[in-house]
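Residue-level listing of the chains:
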Amino acid sequence: MSESKPIPQMDLAAHYTAIGGEIREAVTQVLASQQFVLGKEGAALEREIAGLCGVQHGIGVASGTDALILALRAAGVAAGDEVILPPFTFVATGSAVSALGAKPVFADIDSETFNVHPDEISKRVTPRTRAILVVHLYGLAADIDPIRNAATRHGIPVIEDNAQAIGARYKGKPTGALGDLACVSFYPTKNLGAYGDAGMIVTSSGEIDARLRTLRNHGQASRYSSVEPGWNSRLDEIQAAILRVKLRYLGDWERARRTHAAHYSRLLASVREVKTPKTPEGYEHVFHQYTIRVPRRNELQKYLSDWMIGNAVYYPVPLHLQPIYASLGHGPGSFPEAERAANEVVSLPMFPELQAEQIERVAKAIAEFFAG
Ligand SMILES: Cc1ncc(COP(=O)(O)O)c(C=O)c1O
């Protein structure tokens with residue numbers, strides 16, 4: 001391969017180059033208003049994100065992690081309860097459960113989709129199960145119908161960790177409307193990213209909405225009247241204003257991601273060693289990540305890095321093998337699909353402004369690596 005410019009795994013600067021003027025204007029307006037917390041930008045963003053997710057209410061909070069902790073709390077999870085979740089996810093999914101003193105109960109993933117396997121969930125329901133926390137990994141919805149059926153049978157709420165899949169769809173329904181509550185992260189690298197930390201919970205329940213508005217604001221049901229211990233977890237006006245600008249482009253950006261993914265998959269189809277991501281019938285993937293499975297993953301990563309091609313592993317250590325969960329006693333082999341994924345996945349460059357020529361360089365490098 002010839003020397004050429006580095007290809008980043010993601011490129012936030014490309015976004016800013018395209019829409020920086022509108023972002024600066026939106027921030028200037030917030031500065032002029034001198035209202036920084038719980039103002040009209042946050043309220044408008046809550047309506048807009050709820051609309052995008054096809055539900056009634058949005059509650060802005062300080063991060064995706066806070067969204068998870070507060071959603072679990074609003075769903076009734078408390079110390080000693082069990083929450084079922086996949087081990088192949090970012091640690092925040094598990095640590096939110098632990099933050100409430102509850103016990104994460106892991107359920108292995110489906111090897112095709114990287115999302116939790118519905119049959120694995122059913123096996124792990126006990127009288128102590130208080131919630132099922134489903135992750136839509138890499139931008140693809142989990143197979144929610146059988147999960148909801150099991151949850152309904154047992155009278156357990158379903159919470160979506162929708163940090164990575166805002167805008168994705170499952171059988172015509174948007175992620176965010178698939179469970180009882182859903183948590184969004186606006187971490188800067190997400191498909192809809194703020195310029196700092198921010199998050200939101202969405203739900204169609206008026207009761208949960210009211211509870212969450214109290215919980216995120218010191219447990220205050222009205223000013224200076226706290227009815228229960230709460231947090232200070234509010235989405236600030238500057239982040240909300242920035243997110244509202246970016247939200248106008250989200251549909252275009254996600255279409256671009258899908259086009260890039262299709263281009264990668266066409267080019268990589270002839271490389272026998274590469275397993276490209278599948279989108280099951282009836283799903284709409286938003287390709288937060290374009291993640292392939294390969295043998296000799298670490299060697300491929302090094303090869304790509306030597307050719308200045310950005311790449312990343314989400315996630316190299318499943319939750320059950322992380323030091324934080326050593327006390328649960330799960331050794332290697334406990335969740336074989338999650339462990340196999342952790343050893344085989346690599347995410348390729350993916351961002352809306354990626355060029356066809358860059359995708360072709362990445363695919364060529366991968367083909368050359370496996371051709372030896
Ligand atoms: C699957 C998943 N859950 C939770 C989070 C936590 O979100 P945040 O970083 O906004 O706290 C993230 C992202 O960081 C994530 O990818």
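Refer to the structure printed above.
I will try to describe carefully the structure that is included in this document. (Residues numbered from 1 in each chain as written. Predicted model: local features only at pLDDT ≥ 70, side-chain atom pairs only at ≥ 80, totals over all residues. Heavy atoms only, no water.)

What to know about the overall build of the chain
Link 1 in the chain: Check the secondary structure of the chain and you find 11 helices and 14 strands.
Link 2 in the chain: A compact globule built from 372 residues should have a C-alpha radius of gyration of about 21 Å, and the chain, at 21 Å, falls within 12% of that.
Link 3 in the chain: The C-alpha extent of the chain, read off along each of the three principal axes, is 70 × 55 × 35 Å.
Link 4 in the chain: A fraction of 72% describes how many contacts in the chain between residues 6 or more apart in sequence connect residues 24 or more apart. (Helix = DSSP H or I, 4+ residues; strand = E, 2+ residues; numbered from the N terminus. Rg over C-alpha atoms; globule rule 2.2 N^0.38 Å. Contact = heavy atoms within 4.5 Å.)

Digging into the pairing of strand β9 (residues 199–203)
Link 1 in the chain: Most of β9 sits out of view: five of its five residues are buried.
Link 2 in the chain: What you see with β9 is no split at all: Gly199, Ile201 and Thr203 on one side and Met200 and Val202 on the other are buried throughout.
Link 3 in the chain: Strand direction decides the pairing type here: strand β8 (residues 181–185) and β9, joined by five bridges, are antiparallel. Each residue of the ladder has a partner; that of Leu181, found in β9, is Thr203. (Buried < 20%, exposed > 50% of the residue type's maximum accessible area, 1.4 Å probe, protein only. Pairing = 2+ DSSP bridges.)

Side note on the site of the ligand
Link 1 in the chain: Around the ligand lies a shell of 16 residues, among which Gly64, Thr65, Asp161, Ser185 and Lys190 are the nearest.
Link 2 in the chain: Side-chain polar atom of Ser185 to an oxygen atom of the ligand: 2.7 Å apart, as the coordinates give it.
Link 3 in the chain: When the ligand is considered free in solution it has 390 Å² of accessible area, and contact with the protein chains removes 93% of it.
Link 4 in the chain: The greatest single-element share of the shell around the ligand, amounting to three residues, is contributed by helix α3 (residues 64–74).
Link 5 in the chain: Its residues placed into classes, the shell around the ligand shows seven nonpolar, seven polar and two charged. (Near = heavy atom within 4 Å. Polar contact = N/O pair within 3.5 Å; in protein donor to acceptor, adjacent residues only side chain to side chain. Areas by Shrake-Rupley, 256 points an atom, 1.4 Å probe, with all protein chains shown as cover. Nonpolar A, V, L, I, M, F, W, Y, C, P; charged D, E, K, R; others polar.)

Details of the sheet that holds β9
Link 1 in the chain: Taken together, seven strands build an open sheet; the order of strands is β1-β9-β8-β5-β4-β2-β3 and the sheet is mixed. Pairing within the sheet leaves two strands with one partner each, and these edge strands are β1 (57–61) and β3 (103–106). Each strand of the sheet is rotated relative to its neighbour by a mean of 25°, with strand direction disregarded.
Link 2 in the chain: Strands β4 (129–135) and β5 (158–161) of the sheet are contacted by helix α6 (residues 144–154), whose axis makes an angle of about 175° with β4. (Axes fitted to C-alpha atoms, helices over the stretch in contact; angles between N-to-C directions.)

Concerning the sheet that holds strand β12 (residues 283–284)
Link 1 in the chain: Taken in spatial order, the three strands of this open sheet run β7-β6-β12, and their pairing is antiparallel. Lying at the two open borders of the sheet, with one neighbouring strand each, are β7 (173–174) and β12.
Link 2 in the chain: Looking at chain direction, strand β6 (residues 169–170) and β12 are connected through two bridges and run antiparallel. Within β12, the residue paired with Tyr170 across the bridge is Tyr283.

Describing a nonpolar patch on the surface
Link 1 in the chain: A cluster of nonpolar side chains, Leu31, Phe36, Val37 and Leu38, forms an exposed patch at the surface whose accessible area comes to about 300 Å².
Link 2 in the chain: Overall, Val37 belongs to the partly exposed group, its relative accessible area being 37%. (Patch = residues over 30% accessible without salt bridge, like charges linked within 9 Å, V, L, I, M, F, W, Y side chains within 5 Å. Salt bridge = Lys/Arg side-chain N within 4 Å of Asp/Glu carboxyl O.)

A short note on the pattern of salt bridges
One side chain can pair with another of opposite charge once the charged atoms of both are near each other.
Link 1 in the chain: A complete count under the given rule lists 23 salt bridges for this structure.
Link 2 in the chain: A salt bridge links Arg248 to Glu22, with the shortest nitrogen-to-oxygen separation between them at 2.9 Å. One end of the pair, Arg248, is in helix α8 (residues 237–268); the other, Glu22, is in helix α1 (residues 12–33), and 226 residues separate them in sequence.
Link 3 in the chain: What makes Glu22 partly exposed here is its relative accessible area of 29%.
Link 4 in the chain: For the salt bridge of Glu273 with Arg272, the shortest nitrogen-to-oxygen distance reads 3.3 Å.

Remarks on the pairing of β8
Link 1 in the chain: The element β8 is largely enclosed, with a buried count of five among its five residues.
Link 2 in the chain: In β8, alternate side chains face the same way, and those of Leu181, Cys183 and Ser185 on one face and Ala182 and Val184 on the other are all buried.
Link 3 in the chain: In terms of strand pairing, β5 meets β8 through three bridges, oriented parallel. Each residue of the ladder has a partner; that of Glu160, found in β8, is Ala182.

Quick word on the packing of helix α9 (residues 297–306) against helix α11 (residues 356–371)
Link 1 in the chain: The contact between α9 and α11 brings their axes to 10 Å, and the two run at 130°. Regarding the angle of α9 to α11, the classification is oblique. Here the hand of the crossing between α9 and α11 comes out right-handed. When α9 is examined against α11, the residues Glu299, Leu300, Tyr303 and Leu304 are found in contact with a partner set consisting of Ala365, Ile366, Glu368, Phe369 and Phe370.
Link 2 in the chain: A per-class count over the contact of α9 with α11 returns seven nonpolar, no polar and two charged. (Parallel < 35°, antiparallel > 145°, perpendicular 65-115°, else oblique. Left-handed = near helix turned anticlockwise from the far one by under 90°.)

Comments concerning the nonpolar core
Link 1 in the chain: Counting 42 residues, the largest nonpolar core has Leu72, Phe88, Ile159, Leu181 and Leu212 as the members making the most contacts within it.
Link 2 in the chain: Put simply, the parts of the chain that give this core at least two residues each are β1, α3, β2 (82–85), α4 (91–99), β4, β8, α7 (206–215) and α10 (336–344).
Link 3 in the chain: With seven residues, α3 is the largest single contributor of residues to this core.
Link 4 in the chain: Residues within four places of Phe88 in sequence aside, it is in contact with Ile109, Phe114, Leu137, Tyr138, Tyr314, Tyr315, Ala338, Ala341, Ala342 and Val345.
Link 5 in the chain: Membership of the second largest hydrophobic core comes to 25 residues, among which are Phe287, Tyr290, Val346 and Val362. (Core = buried A, V, L, I, M, F, W, Y, C linked by side-chain atoms within 4.5 Å.)

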